[in-house]
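Structural characterization, general
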Amino acid sequence: MPSLTRDEARQRAQLISVNRMEVDLDLDRGSENFGSTTRISFSCSTPGEATFLDVRSVSTESVTLNGAEIAPDTIVDGRLPLADLAADNTVEVVATMAFSRDGQGLHRSTDPADGEDYVYGHLFLDAAPTVFACFDQPDLKAPYAFTVRVPRDWVVLGNGRATQSSPGTWELSETLPLATYFVTVCAGPYVSVRDEHDGIPLGIHARRSLQRELEHHAPQMFEVTKQSFDHYHRTFDVRYPFGDYDQVFVPEFNAGAMENPGCVTFRDTMLYRGAVAREQILQRSNTIAHEMAHMWFGDLVTMRWWDDLWLNESFAEFMAYTATSRATEFTDSWVEFGISRKQWGYAAERAPSTHPVAGSPAPDARSALSNFDGISYAKGASVLRQLVTHVGEEAFNAGVTAYLRSHEHGNGELSEFLAAMEQTHGSPLDAWSAAWLETAGVDVIALDRDGTMTRTSPADHPADRPHSLDVAGFTDGNEVFRAALTLDEAEVAVDGVDPAAAVLLPNAADLTWAMVDLDEASLAALPSELARIQDPIARSVLWGAVLTGVFRGTVDPGVALDTFTAVWPHERNDALMTRVALAFTDRIVPQFVPSELVDAAKGRVAGAALMSFQGAEPGSDQALVAARVLAATTSDEDRLGAWVEGRSLPTGLEGDSDFRWVVVRTMARLGLADESFIAAVAAEDTTLSGHLAALGARAARPGAAEKEWAWSQITQNRQLSNYELNALATGFWSSGTLEDLRPYAARYVTDIPRLAQWVGADALDRVAALAFPAPVVESETVDLVREAIARPDVPAGVRRSMADELSKLEEALTSRARWS
Ligand SMILES: [Zn+2]
């Protein structure tokens, strides 16, 4: 199916404007298909001309344009030609559409806990035509009115306020103009909690089997929602425009959440059912604030085309962390941003697929999907932080308000945003924009003992990026100096640097976008110094420097592991604990440590986890995170056996099903959990989470027959949902000898691209990354994947996932060649 190109979109937007969308959905026709009738009224600026409508149906029963019938078989590749347009037109399409299982379009799934069915619409990025006929592009906005027929015990939610007009029939009130990709309908026996703030009705909704979790977590989520509304109203000086604000937690959601105006959808794994660390609540709060920021950036003003994706994501990311750090209890949220989001972005910058924040090429809609990456989110947000320091916060906020007001309910692009900023700033921003927004690449910065600060641009992406930042020094955990500067040349002398400081830290407050090279003495001092530094932002930058140092090949993974074992047991910030441990268990140990030393390295991580756990206050966040890392890494059979049976469990983890599954997965990896054992645990947890965890554990068993079973499930079972595929792919590579796993590197490049025949791009890109043969760190893997990337039959998104994972594998090969 061809993807809409930017040129086609531009032409269509010049020719037509959509006045109103009226959609009738019949979701009461069984679990496979649903009925979809669309009436679109639209104007044409040049009567007599032709255009096309997007329709991706199972069957199309009838089409009429201005009362005249059009044969449905004129639809080719999802496009219905509309010829001889009048100035004002009405087109009606009656069609049968298919529910999806891959999280795109109208996703339908059965909750294994109680057999109830749930439906939600996720029309991002180009799935709207699988639900209703439409002109599917972000700058053809229109008001929507929905009628939805459902089984009588279901409720319906959507962008407009839902009311039941007769049993089983729901009307959604007409909306403000919306882009096609954030229209949604959610339907099923959802349960709700409601509140109100500042005149805005609030609702949070979830599956019936999650009612207890919903009621437990709702007060905290409402609080963050209210705090964020107040913050955004103060900052933007534009009221939230979309009426009710509903947040719906839905099953098997591909992304974290989606900013449908007035009806945001979230992955319902965020309604944590067991023990929960502060860091998990912080992350969810950020997601809530992120989607809320989109109500202005994305929904009220939408990018004209996908190449200005940053106008959505960079802003939402920047605004969310600003909102949580200033308006909620999570005043330290930038710590998590540094160690989690920025690490994701730096990895994206180091990959060959890196691209500028703004104006990255999106010749067609589907290619834009690949740019929802660490550049558009983390780098974009960091660059906006730099812009705020460059123009001043007052001018920045005034520029934002002016931009929102002049484009509300319409579309905007980079030049229009910059024009608004230049107006309030009072001088041109083109050089700044060229360096930071329109050029790819990340600088490496370093501070010498003589006070010289250096900036090195990547050779393949040279740019003159001015960094506003500070540097600091630490001895015995005490900050001995701090100095602010602008680094706008290759070398700058910094006043006030104490050369005797044990640790010199460039970018100490983490204000700029740059990877940090620590000098040798600072790196050597980390095992004794890092844990004693009070400022968690400084610790985050130091941990980040160790991680990127390993990935770039400048820090010996052995030295990094020494630092980890010395420092991690004393780390108190649970975001730093979680993210740093994950970097070691998921990447450094399996990829950078030579295979014969992997078991010993895992043992050292487990040892650090045990030390942290034993030193932590029982029931604290530190104890919880340490216990999870310990359960995931230990090979202590007695401990695992006791925990799985519910004996000697850590405080707060009694009866915690998710923790039990971490234990079972580790046992499976170690060959201590056979099918009957996993089935017995699964029988005690019949939830969706339990079902998925059991699949992951099955795939994590190391035997050849078990691997063969898991691989054939991933690559041949067309009934699996997106989440089932993810669970299997994640488990698969977590165990097994190199000899057993090696053949699957070859099978990966042939089998995974074929999934495109039945799995949508958004879901498949993720599977392609998770199923990548990451532990087979050999030059043969590089050759295989390079060959696959060159093949024309490999879908673009899969190719991108392969290229990004390959770049990580090559980093590991480079490091091994240097250090082992
Ligand atoms: Zn977003």
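Just so we're clear, the structure is a prediction, and the values are computed from it rather than from any experiment.

**Quick word on the sheet that holds strand E11 (residues 155-158)**
Taken in spatial order, the 4 strands line up as E8-E9-E14-E11 in an open sheet, and their pairing is antiparallel. Edge positions in the sheet fall to strand E8 (105-110) and E11, since each has one partner strand and no second. Strand-to-strand twist in this sheet, taken as the mean axis angle between neighbours without regard to direction, amounts to 10 degrees. Bridge count for strand E9 (residues 117-122) against strand E14 (residues 185-188) is 2 bridges, and the pairing is antiparallel. Looking across to E14, one finds that Val119 is bridged to Ala187.

**Re helix H13 (residues 557-567)**
Taken residue by residue, H13 has Pro557, Ala560, Leu561, Thr563, Phe564, Thr565 and Val567 as its buried positions. Residues of H13 that are buried make contact with helix H11 (520-529), helix H12 (536-552), helix H14 (574-592), helix H15 (598-615) and helix H26 (796-819). Of the residues flanking the start of H13, the one acting as N-cap is Asp556, its side-chain oxygen 2.8 Å from the backbone nitrogen of Gly558.

**Describing the coordination of the zinc ion**
Geometry reference: four tetrahedral donors at a metal, ideal angle 109.5 degrees. Six octahedral donors, ideal angles 90 or 180 degrees. In the first shell of the zinc ion, the protein supplies His290 (NE2), His294 (NE2) and Glu313 (OE), at 2.0 to 2.1 Å from the metal. We note that the donor set of the zinc ion lies within a single chain, spaced as H-x3-H-x18-E. Placement of the pair is His290 and His294 together in helix H3 (residues 278-294), with a separation of 4 residues, close to one helical turn. No difference in accessibility class separates His290 from His294, as the two residues are buried.

**A few points about the pairing of strand E25 (residues 478-487)**
Two strands pair when backbone bridges link them, and strand E24 (residues 467-475) and E25 are joined in this way by 9 bridges, in the antiparallel orientation. Bridge pairing in E25 links Asp470 to Ala484. In this antiparallel pair of consecutive strands, E24 and E25, the connection spans 2 residues, and Asp476 shows a positive phi of 50 degrees.

**Here we look at the packing of H13 against H15**
At a closest axis distance of 8 Å, the pairing of H13 and H15 adopts a crossing angle of 20 degrees. Of the possible angle classes, the one that applies to H13 and H15 is roughly parallel. The interaxial crossing formed by H13 with H15 has left-handed handedness. Contacts from Leu561, Asp562, Phe564 and Thr565 in H13 reach Ala601, Arg604, Val605 and Ala608 in H15.

**Quick notes on the state of the cysteines**
A full pass over the atoms with the stated rule returns 0 disulfides. Its sulfur unpaired, Cys186 is 4.5 Å from the next cysteine sulfur, which belongs to Cys263. What makes Cys186 buried here is its relative accessible area of 0%.

**Some words on empty space enclosed by the protein**
Taken as a whole, this structure holds 6 cavities of 30 Å³ or more when the rule is applied. For the largest cavity, the lining is made up of 14 residues, of which Pro2, Leu4, Asp54, Arg56 and Pro129 are closest to its centre. Each residue belonging to the lining of the largest cavity can be placed in one class, and the counts come to 5 nonpolar, 2 polar and 7 charged. Contributing to the lining of the second largest cavity are 15 residues, with Gln343, Tyr346, Asp510, Val541 and Gly544 lying nearest its centre. Elements with a contribution of two residues or more to the lining of the second largest cavity: helix H5 (333-350), strand E28 (514-517) and H12.

**Observations concerning the pattern of salt bridges**
A full pass over the atoms with the stated rule returns 57 salt bridges. For Arg239, the salt bridge identified is with Asp198, shortest N-O distance 2.6 Å. Here Asp198 lies in the loop between strand E15 (191-197) and strand E16 (200-206) and Arg239 lies in the loop between helix H2 (211-236) and strand E17 (245-250), a separation of 41 residues in the sequence. With a relative accessible area of 45%, Arg239 lands in the partly exposed category.

**Digging into helix H1 (residues 6-15)**
Listed as buried for H1 are Ala9, Arg12 and Leu15. Projected onto a plane normal to the axis of H1, the buried residues spread over an arc of 130 degrees and lie on a single side. In H1, the exposed positions angled more than 90 degrees off the buried face are occupied by Gln11 and Gln14.

Each value, and the rule that gives it
- One numbering rule holds for all chains: residues counted from 1, following each sequence as written.
- Only residues with pLDDT of 70 or above have their local features reported here, since the model is predicted, and side-chain atom pairs are shown and tallied only from 80 upward, although totals for entire chains, interfaces and linings are computed over all residues.
- To obtain the side-chain values, all non-hydrogen atoms of the structure were used and water was disregarded.
- At least two bridges found by DSSP between two strands are what make those strands a pair.
- Only DSSP runs of H or I reaching four residues or more are called helices, and only runs of E reaching two or more are called strands; each is numbered from the N terminus.
- All axes here are fitted lines through C-alpha atoms, helices being fitted over the stretch that makes contact, and every angle between N-to-C directions spans 0 to 180 degrees.
- A 1.4 Å probe rolled over the protein chains alone gives each residue an accessible area, and that area as a share of the maximum for its type sets the label: buried under 20%, exposed over 50%, partly exposed in between.
- When checking whether two residues touch, look at their non-hydrogen atoms; a contact exists if any pair is within 4.5 Å.
- Polar contacts, as used here, are pairs of N or O atoms within 3.5 Å; protein pairs need one atom able to donate a hydrogen and one able to accept it. Residues neighboring in sequence count only if both atoms are side-chain atoms.
- For Na, K and Ca the donor cut-off is 3.2 Å, while for other metals it is 2.8 Å, and in both cases only N, O and S atoms qualify; water is not among them, so sites may look incomplete.
- Each angle receives one of four descriptions, namely roughly parallel if under 35 degrees, roughly antiparallel if over 145, roughly perpendicular if within 65 to 115, and oblique otherwise.
- Each crossing gets its handedness from the near helix: less than a right angle anticlockwise from the far helix is left-handed, clockwise is right-handed.
- Note on terminology: disulfide denotes any pair of cysteine sulfur atoms within 2.5 Å.
- Two kinds of site are reported from a 1 Å grid over the protein atoms alone, namely cavities, where a 1.4 Å probe fits but cannot get out, and pockets, open sets with protein on both sides within 12 Å along at least five of seven lines, and residues are called lining when an atom falls within 4 Å of a point.
- Grid points are joined across faces, edges and corners, and a volume is the space filled by probe spheres set on the points.
- Here the term charged refers only to Asp, Glu, Lys and Arg, the term nonpolar to Ala, Val, Leu, Ile, Met, Phe, Trp, Tyr, Cys and Pro, and the term polar to all other amino acids, Gly among them.
- Each reported salt bridge corresponds to a side-chain nitrogen of Lys or Arg within 4 Å of a carboxyl oxygen of Asp or Glu.
- Of all possible arcs, the one meant is that of the directions from the helix axis to the C-beta atoms.

So far we have only geometry, and geometry alone does not tell us how the molecule works.
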